[in-house]
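Structural overview for review
Each chain, written out:
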Amino acid sequence: MRYQPFLGTFWPTNGGTDDVYVWLPESFRKDAHGQLSREVYRFNLEVLDAAMTVDPDLLDVKGASRRVDPVDARVGGLDLDGDGVLSPSVERVRGLPTHDAGSAADMRVRR
């Protein structure tokens, strides 16, 4: 996860730091068969990262994208970068996927 402090938070230049921990519910950590999967969890965390940080003014702009840590699109079964291929290493999310992956596939992604 990339962390960027927001105005009013503890800036390291002022002597303060923050830690951020994100823990998604169990369904986001399991594959479609209900088995725990670190890869599915990483995939869902990167979808969350994109959903939290995407510029809403660019969501409908063709080619607008957000960089994420490399994930395997085949794991989530979602074409995150919009190239029409489920690539083993995706580093850009174009727009937002409609849903999460694995056991959380019924969860709609919202900004």
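Worth saying up front: this structure is predicted, and the values here are computed from it rather than measured.

With respect to the nonpolar core
One finds Phe 43, Val 47, Leu 80 and Val 93 to be the most contacted residues of the largest nonpolar core, which totals 13 residues. Where this core is concerned, the elements lending two or more residues are α1 (38-53), β1 (65-71) and β2 (90-94). Top contributing element to this core by residue count: α1, with four residues. Those residues in contact with Phe 43 that lie beyond four places of it in its chain are Val 71, Asp 72, Ala 73, Gly 76, Leu 78, Leu 80 and Ala 101.

Brief notes about the confidence of the model for the protein
For the protein, the mean per-residue pLDDT works out to 83, and 75% of the residues sit at or above 70. The lowest-confidence element of the protein is β1, averaging 85 in pLDDT; the highest-confidence one is helix α2 (residues 73-76), averaging 92.

Procedures and definitions
Residues numbered from 1 in each chain as written. Predicted model: local features only at pLDDT ≥ 70, side-chain atom pairs only at ≥ 80, totals over all residues. Heavy atoms only, no water. Core = buried A, V, L, I, M, F, W, Y, C linked by side-chain atoms within 4.5 Å. Buried < 20%, exposed > 50% of the residue type's maximum accessible area, 1.4 Å probe, protein only. Helix = DSSP H or I, 4+ residues; strand = E, 2+ residues; numbered from the N terminus. Contact = heavy atoms within 4.5 Å. pLDDT = per-residue confidence, 0-100.

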